[in-house]
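Report on the structure
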Amino acid sequence: MPLQNRVTPLGDPVAVPERGLVYGNRGCLHDADGRVRRRYATKRWIACRLQFRGWHRHPLLQPGRFTELFFLDEATAFAAGHRPCALCRREDYNRFLELTGARGADEVDARLHDERLGRRPPAQADLPDGSFVLIDEAPWLAAGGTLHRWTPGGYTDTRPAGGGELITPPTLVSVLRSGWSSGAVPLLHPTVDN
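Here is what the cut-offs are and how they apply
- Positions within a chain are numbered from 1, following the residues in the order the chain's sequence is written.
- With the structure being a predicted model, the display of local features is reserved for residues of pLDDT at least 70 and the display and counting of side-chain atom pairs for 80 or more, all residues being used for whole-chain, interface and lining totals.
- To obtain the side-chain values, all non-hydrogen atoms of the structure were used and water was disregarded.
- The pairing criterion for strands is at least two bridges between them, as found by DSSP.
- By the criteria applied, helices consist of DSSP H or I runs no shorter than four residues and strands consist of E runs no shorter than two, each listed in order from the N terminus.
- Note on terminology: a nonpolar core comprises buried Ala, Val, Leu, Ile, Met, Phe, Trp, Tyr and Cys residues joined through side-chain atoms within 4.5 Å.
- Burial here depends on accessible area, computed with a 1.4 Å probe over protein chains only, as a share of the maximum for the residue type. Under 20% is buried, over 50% is exposed, and the range in between is partly exposed.
- The criterion used for residue contact is that any of the two residues' heavy atoms lie within 4.5 Å.
- Two rings from Phe, Tyr or Trp (for Trp, the six-membered ring) form a pair when their centres are within 6.5 Å of each other. A pair whose planes differ by under 30 degrees is stacked, one over 60 is edge-to-face, and the rest are tilted.
- Two conditions define a charge located above a ring, namely a distance within 6 Å from the ring centre to NZ of Lys or CZ of Arg, and an angle within 35 degrees of the ring normal.

Strand order in the open sheet formed by five strands is S10-S9-S8-S7-S11, and the pairing between neighbours is antiparallel. Edge positions in the sheet fall to strand S10 (154-160) and strand S11 (165-166), since each of these pairs with one other strand and no more. Bridge analysis of strand S7 (residues 132-135) against S11 gives two bridges, and the strand direction is antiparallel. Bridge pairing in S11 links Leu 134 to Glu 165.

Quick look at the nonpolar core now. With 24 residues, the main nonpolar core has Phe 96, Phe 132, Leu 141, Tyr 155 and Trp 180 as its most contacted residues. Residue assignment for this core shows that the elements contributing at least two residues are helix H1 (74-80), helix H2 (90-100), helix H3 (105-117), S7, strand S8 (138-143) and helix H4 (170-177). Ignoring anything within four residues of it in the chain, the contact list for Tyr 155 reads Leu 72, Asp 73, Ala 75, Thr 76, Phe 132, Leu 141, His 148, Arg 149, Trp 150, His 189, Thr 191 and Val 192.

Under the defined criterion, the tally for this structure stands at six aromatic pairs. Geometrically, the ring pair formed by Phe 132 and Tyr 155 is tilted, given 6.4 Å between the ring centres and 35° between the ring planes. Of this pair, Phe 132 sits in strand S7 while Tyr 155 sits in strand S10, and the two are 23 residues apart along the sequence. Classification of Phe 132 by relative accessible area gives buried; the value is 0%. A connected cluster of aromatic rings, assembled from ring pairs, spans Phe 78, Phe 96 and Trp 180. It is Arg 95 that lies over the ring of Trp 180; its NZ or CZ is 4.1 Å from the centre.

This part is about the pairing of S8. Across the six residues that make up S8, a large majority, six, are buried. On S8, burial covers both faces: Ala 138, Trp 140 and Ala 142 on one face and Pro 139, Leu 141 and Ala 143 on the other are all buried. Bridge count between S7 and S8: four bridges; the pairing is antiparallel. Bridging from a neighbouring strand, Leu 134 pairs with Pro 139 of S8.

Everything listed here is a matter of coordinates, which is why it stays silent on function.
Encoded structure:
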């Protein structure tokens, strides 16, 4: 049975078999039985490499330990409000701080937390690749001037860009607008090209 630790662009943990290409956490969200009981435990929401220094946690969702989360790609992690990890993605993290103008993790995490909890603004017409919008209760990825419908296993249907509410926090949209790319994790799942 799948664990409830796959994350949608809206930041919601769901139980689906697809694991995704990016790993992360936001503190301990689960109880002793592995059921997710809260949305977050800290303002520090990070997106990590799937593999780092051979570290391996097993079993997942250990009582009292952080909840291991999985995202389809970095665009999904950004939409959910996660930022690059300072440990396993140090180069990305340093460049991320430079792009946001933040002096450190506490500052940027507080800004992102406020944006995650705030109202969703209307989507701009010229969103950068990797941004997400909400249309008819479904998350859509902006890429190549087109919107692609998100699913836990990849991107499907397309539609012309425009409309909806912005899901990706504004700070992260600015990072994407700078031409963000990472050598550590994929920004977009390969199904966006299908």
